[in-house]
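# Coordinate inspection notes
Chain residues, written in single-letter form:
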Amino acid sequence: MATDYDAPRKSEDDSESIEALKERVPSTQSGAGDVEDSDNPTGFELPGADLSDMELDVVVLPAQQDEFTCMSCFLVKHRSQLDHDGADGPICKECAA
Ligand SMILES: [Zn+2]
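Residues numbered from 1 in each chain as written. Predicted model: local features only at pLDDT ≥ 70, side-chain atom pairs only at ≥ 80, totals over all residues. Heavy atoms only, no water.

In the annotation of an unreviewed UniProt entry, the entry for the protein reads DUF4193 domain-containing protein, and the organism field reads Microbacterium commune.

### Quick look at the overall build of the protein
Defined as follows: Under the DSSP-based scheme used, a helix requires at least four consecutive residues in state H or I and a strand at least two consecutive residues in state E, with every element numbered from the N terminus. Only protein chains enter the area calculation, which uses a 1.4 Å probe; residues under 20% of their type maximum are buried, those over 50% are exposed, and those in between are partly exposed. Throughout, a residue-residue contact means that at least one pair of heavy atoms, one from each residue, lies within 4.5 Å. Only the protein chains shown count as cover for residues, and the accessible areas themselves come from Shrake-Rupley with a 1.4 Å probe.
Counting its secondary structure elements, the protein contains four helices and four strands. Ordered by position from the N terminus, the helices and strands of the protein form the series α-α-α-β-β-β-β-α. Residues classed as buried in the protein amount to 13% of the 97 residues present. In the protein, the share of contacts with a sequence separation of at least 24, taken over all contacts with a separation of at least 6, comes to 3%. Roughly 8200 Å² of accessible area belongs to the protein as shown, and the carbon and sulfur atoms make up 55% of that amount.

### Topic: the coordination of the zinc ion
Stated precisely, the cut-off is as follows: For Na, K and Ca the donor cutoff is 3.2 Å, while for all other metals N, O and S atoms count as donors only within 2.8 Å; water does not appear among the atoms, so some sites may look incomplete. By the criteria applied here, four donors are tetrahedral when all angles lie between 85 and 135 degrees, four are square planar and six octahedral when opposite donors are over 155 degrees apart and every other angle lies between 65 and 115, and any other arrangement is irregular.
Taken together, C70 (SG), C73 (SG), C92 (SG) and C95 (SG) make up the protein donors of the zinc ion, found 2.2 to 2.3 Å from the metal. Relative to the metal, the four donor atoms surrounding the zinc ion lie at angles of 102 to 119°, and the coordination shape comes out tetrahedral. Written as a sequence motif, the donor arrangement for the zinc ion is C-x2-C-x18-C-x2-C.

### A look at the environment of H78
Take H78: it is sitting in strand β2 (residues 76–78). H78 gets classed as partly exposed once you look at its relative accessible area, which sits at 37%. Between the C-alpha atom of H78 and that of Q65, which follows or precedes it by 13 residues, the distance is 9.2 Å.

### Remarks on the pairing of strand β3 (residues 82–85)
Which entries qualify depends on this criterion: Strand pairing follows a simple DSSP-based rule, namely that at least 2 bridges must link the two strands.
Pairing of β3 with strand β4 (residues 90–92), which is carried by three bridges, proceeds in the antiparallel orientation. Within β4, the position partnered with D85 by the bridge is P90. In this structure, the hairpin formed by β3 and β4 is closed by a connection of four residues, where G89 is found at a positive phi of approximately 145°.

### Description of the side chain of K77
Convention followed: Polar contacts, as used here, are pairs of N or O atoms within 3.5 Å; protein pairs need one atom able to donate a hydrogen and one able to accept it. Residues neighboring in sequence count only if both atoms are side-chain atoms.
Within the secondary structure layout, K77 lies in strand β2. Polar contacts involving the side chain of K77 include one to the side chain of E94, which spans 3.0 Å. Those residues in contact with K77 that sit more than four places away from it in its chain are D66, E67, F68, C92 and E94.

Written out as structure tokens, the structure is:
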């Protein structure tokens, strides 16, 4: 008797909690997943993907707008360290000295 009563009750509880989860998950994602939706519908791997994207951006970008790449030492320097623009490109103060 006890087993008969317990089994259906358990499965009912399970289906109820699953349905409750199904109802809650979409509303939670619609709030937090706005930005993530364009890239990744699941939104689960995004924190990692975002980081690698940012790292890639830093590596790919040769210089920011207020920076330049010295054509002598090929280091990215701030504009304040620009000595002059040579024939091949900008030259930093260290190389011009
Ligand atoms: Zn230099």
